[in-house]
Amino acid sequence: SSSSRDEALRDKRVRILSRGLPKQKPIEGVKQVVVLASGKGGVGKSTTAVNIALALAANDSTKEVGLLDADIYGPSIPKMMNLKGNPELTSKNLMRPLKNYGIACMSMGFLIEETAPVVWRGLMVMSAVEKLLRQVDWGQLDYLVIDMPPGTGDVQLSVSQNIPIAGAVIISTPQDVALLDARKGAEMFRKVHVPVLGLVQNMSVFQCPKCKHETHIFGADGVRDLAKTLGLDILGDIPLHVNIRETCDSGQPVVISQPQSDA
C-alpha cells in the first residue's frame, strides 16, 4: 500500500540522515534537556514552551532553567520573553544568553533584525542550529527547554541525534488535522529513541466571558483519544483564553504575570 511505502521511505531517510550525524554529546553545563514539539504550526507550542520554562523555575526556586528557541525561520521567544539585543561574547567566544524572569534565553531572533526573513537553505539552517546548541555559554542549568520548529524535518532530527534528550512533549489542539501531524511528531521521536513524556491538549475549550457557555471550537478530547492510542499520558489541558494570548504577546507570560489565575 502507499502508506507502507511512505513509512518505508521515512525509515530509510532517518537511517541515511543518522549515518552522517555526529554521536550524541551533552551540552556543557546542562543536566536535562526537554524538547517541546508539534507536528503543525499555530497550535501554541512556543506559548506553552515559554510557560513551561517559567513554571519549572517557579515550582522550584533552586533550579536553573534555560530556554532555547530552535525555530530558525519563525523565532518568537524574544517577543514572548520581552527580550531584545545581541548576545555578548565570552572570552571563549561563546554567546551569553539574554535573561528575563530568571530564565536564560537564546534565539535566532537575537542574531538577526526583528523584521528580517531567514531565507536560507538546509545547510545554513543546520549550521545555525549547531551554533545555538554548541556555541552558547549556558552556565549551569538544571533544565534546558527547547522550542522546536513545527514538523518532522532536518532540525528535529539534528537536535534529537546531536544531544541527549530527557524527553519530548508534544503540543496539539484537538482538531483532526493537527492530530494527524502530532502523531507523526510522536512517532518520529520514538524512531530516534527520544522518550515522549506525553501530550498537551491546547486551545481545548472556550468559555464565553459573559454567559460562561463553553464551546469546543477545535473539537473535544481529540488529544486524549490520541494519547490513548499511542499509550501516552496527557500532561495538561489548556483552555483557549484571551489572557494566555495577550500576556505572551506583551512579553509577560501568564505563568509570571497572573500566577493565581485559572489560565
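Under the annotation held in an unreviewed UniProt entry, the protein carries the name Iron-sulfur cluster transfer protein NUBPL and is attributed to Corythaixoides concolor. Within the UniProt record for the protein, the comment given under Subcellular location (unreviewed entry) is "Mitochondrion". As recorded by UniProt, the Cofactor (unreviewed entry) comment attached to the protein reads in full: "[4Fe-4S] cluster".

Moving on, we come to the packing of helix α6 (residues 176-191) against helix α7 (residues 222-230). For the pair α6 and α7, interaxial distance at closest approach is 11 Å and the crossing angle is 30°. In terms of crossing hand, the pair formed by α6 and α7 is right-handed. Of the residues in α7, those in contact with L179, A182, R183, A186, E187 and R190 of α6 are G222, V223, L226, T229 and L230.

What follows concerns the nonpolar core. Counting residues in hydrophobic clusters, the biggest one holds 70 residues, and the most contacted among them are L67, M81, W138, L144, I146, V159 and F189. Apart from residues no more than four positions distant in its own chain, W138 is found in contact with I27, V30, G66, L67, L68, P97, A104, C105, M106, L132 and L144.

Moving on: the pattern of salt bridges. Per the stated rule, a full pass over the model turns up 13 salt bridges. The shortest N-O distance in the salt bridge between K99 and E64 comes to 3.9 Å. Note that K99 is positioned in strand β3 (residues 98-100) and E64 in the loop between α2 (45-59) and β2 (65-69), a separation of 35 residues in sequence. On the accessibility criterion, E64 (34% relative accessible area) is partly exposed. Among the salt bridges present, the one from K184 reaches D181, with a minimum N-O distance of 3.7 Å. Of the two residues, K184 and D181 are both situated in helix α6; the distance of three residues between them amounts to about one turn of the helix. Note on K184: relative accessible area 45%, which makes it partly exposed. Taken together, the salt bridges that share partners define one network made up of E7, D11 and K191.

Take α6 next. End to end, α6 covers 23 Å across 16 residues, agreeing with the expected 22 Å (1.5 Å per residue, within 8%). Within α6, the full set of buried residues consists of A178, L179, D181, A182, G185, A186, M188 and F189. Where α6 is buried, its residues meet β1 (30-37), α5 (154-162), β6 (167-172), β7 (196-201) and α7. A positive backbone phi angle near 60° is found at H193, which sits one or two residues after α6.

For the structure on display, the rule yields one cavity of 30 Å³ or more. Per element, the largest residue contribution to the lining of the largest cavity is three residues, and it comes from α6. Of the residues in the lining of the largest cavity, the class split is four nonpolar, six polar and no charged.

Calculation rules
- Residues numbered from 1 in each chain as written.
- Predicted model: local features only at pLDDT ≥ 70, side-chain atom pairs only at ≥ 80, totals over all residues.
- Heavy atoms only, no water.
- UniProt positions renumbered as here; feature names shortened; annotations may be inferred.
- Axes fitted to C-alpha atoms, helices over the stretch in contact; angles between N-to-C directions.
- Helix = DSSP H or I, 4+ residues; strand = E, 2+ residues; numbered from the N terminus.
- Left-handed = near helix turned anticlockwise from the far one by under 90°.
- Contact = heavy atoms within 4.5 Å.
- Core = buried A, V, L, I, M, F, W, Y, C linked by side-chain atoms within 4.5 Å.
- Buried < 20%, exposed > 50% of the residue type's maximum accessible area, 1.4 Å probe, protein only.
- Salt bridge = Lys/Arg side-chain N within 4 Å of Asp/Glu carboxyl O.
- Expected span 1.5 Å × (residues − 1).
- 1 Å grid on protein atoms, 1.4 Å probe; cavity = no way out; pocket = protein on both sides within 12 Å on 5 of 7 lines; lining within 4 Å.
- Points joined across faces, edges and corners; volume = space filled by probe spheres on them.
- Nonpolar A, V, L, I, M, F, W, Y, C, P; charged D, E, K, R; others polar.

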